[in-house]
Each structure stands twice: as C-alpha cells, then as structure tokens.
Amino acid sequence: MNITEKDKQFMREAIRLANESVRTGGGPFGAVVVKDGEIVAESSNSVTRDNDCTAHAEVNAIRKACRKLNTFDLSGCDIYSSCEPCPMCLGAIYWAHIERIFFAANRKDAAEGGFADDFIYEELEKPVEERSTPIIPLLRDEGQQTFVLWKNTSDKIEY
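Cut-offs applied
- Every residue gets a number counted from 1 within its own chain, in the order that chain's sequence is written.
- The predicted nature of this model means local features are confined to residues of pLDDT at least 70 and side-chain atom pairs, given and counted, to a pLDDT of 80 or more, with totals for whole chains, interfaces and linings taken over all residues.
- To get the side-chain values, take all heavy atoms of the structure and skip hydrogens and water.
- Numbering of helices and strands starts at the N terminus; helices are DSSP runs of H or I of at least 4 residues and strands are runs of E of at least 2.
- Multiplying 1.5 Å by the helix residue count minus one yields the expected span of that helix.
- Type-normalised accessible area, obtained with a 1.4 Å probe on protein chains alone, sets the label of each residue: buried when under 20%, exposed when over 50%, and partly exposed for intermediate values.
- Here, the arc refers to the directions that run from the helix axis to the C-beta atoms.
- Two N or O atoms count as a polar contact when they lie within 3.5 Å, although within protein this holds only if one can serve as hydrogen donor and the other as acceptor, and sequence-adjacent residues are included solely when both atoms are side-chain atoms.
- Here, a strand pair is defined by DSSP locating no fewer than two bridges between the strands.
- Axes here refer to lines fitted to C-alpha atoms; in helices the fit is confined to the stretch in contact. Angles between the N-to-C directions go from 0 to 180 degrees.
- Whether two residues are in contact is decided by their heavy atoms, any of which lying within 4.5 Å being enough.

Colleague: Could you give an account of helix α1 (residues 5-23), with specific residues and numbers?
Modeller: For α1, with 19 residues, the first-to-last C-alpha span of 27 Å sits near the 27 Å given by 1.5 Å per residue. What α1 keeps buried is the set Asp7, Phe10, Met11, Glu13, Ala14, Leu17, Ala18 and Ser21. Looking straight down α1, one finds its buried side chains confined to an arc of 150°; they lie on one side. For α1, the exposed residues lying more than 90 degrees away from the buried face are Glu5, Arg12 and Arg23. Sitting at the amino-terminal end of α1 is Thr4, which places a side-chain oxygen 3.3 Å from the backbone nitrogen of Lys6.

So, in structure tokens, the structure goes:
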C-alpha cells in the first residue's frame, strides 16, 4: 500500500480532532471520512457530551458523511481514525461499505489510556450461552416472519 502525503494530512486532521476533543471535555478520538481526495465529514468522540454511548468519532463521522452525501452507502470513501476502531465502529464502517480504514494509535495504546475493548473481541468469540451478558433467544418464529416479509417485498431498497 502506498501512503501519500494526503493520507498523512487526513490522519493529522483526525488526530487534531481527537486532541481538540480532549481539550473540550470529550473523549480522545477523532475521525475523518474522505471521498475523492476531499474531506466529506469529520467528528470527534462525543459520548459524554451527548450522553450517547454510540457517539464514537467514527460513528459520528459516518452519520455526518451519510447526511452530506444523502446516502447510506459510503462506497468510494475512506476513513481516517486517530485510533484503531472498536468493534462497534468497525461494524459501522463495514455496514457503510467504506473502502479503506486508516488508524494511528492501536487498540493496545487505547487500553493503556484507559479505553480497553479487548473484552468485546473476546466475548464475540464465545458461544452465545457463555457470554458475560445474558443473551436470551425469545419468539424466534415470530421474529423470522419479518425476514419473510422483507424477502417478499418487491419495492424495498437493498443495502
């Protein structure tokens, strides 16, 4: 992979956003979504400011990019994150169809800073019945009917 000066510029912007977030009471994370060599959206972590545990920098930036581009599909976009994305953010990035993920600090650096998410990776490897938070199947037959309805709907928007 060829890293360009533009890539470094975008990453420095993500890091700047993370630093600014720390200075203004937010979490130490920043993210930038780029399309065709231009920043489409940028954000920092706003979990504590918004009282929203999903308001991670990457998720916030993805939401902004989707609104700006008027689409839920960010194919053709890259994301630059000041830190390796957590499992939730990684899931959002994959759902958004972002093509490349760049990150500065890794998850071990985050853990040293007090942000450990290794337990989530470990939980995902366990069978459902062995996870620390009870996961209880309920009314599967009824729940499956929604997918039958989806499958049989001819005018749906695929994603």
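That covers the picture; the talk isn't over yet.
Colleague: Can you lay out the sheet that holds strand β2 (residues 38-44) for me, pointing to particular residues and giving the numbers?
Modeller: With mixed pairing, the four strands of this open sheet are ordered in space as β2-β1-β3-β4. Looking at the sheet topology across the chains shown, the edges are occupied by β2 and β4 (100-105). Averaged over all neighbouring strand pairs, the angle between strand axes comes to 15°, with direction disregarded. Where strand β1 (residues 30-35) meets β2, six bridges bridge the pair, whose relative direction is antiparallel. Residue pairing across strands places Val32 opposite Glu42, the latter belonging to β2. In the packing of helix α3 (residues 57-69) onto the sheet, the strands contacted are β1, β2 and β3 (77-83), and the crossing angle to β2 comes to about 140°.

Colleague: Could you give an account of helix α7 (residues 140-152), with specific residues and numbers?
Modeller: Look at α7: 19 Å from first C-alpha to last across 13 residues, which is about the 18 Å you get at 1.5 Å a residue. Within α7, only zero of the 13 residues are buried, leaving the element largely exposed.

Spatial relationships are all this shows, so hold off on functional conclusions.
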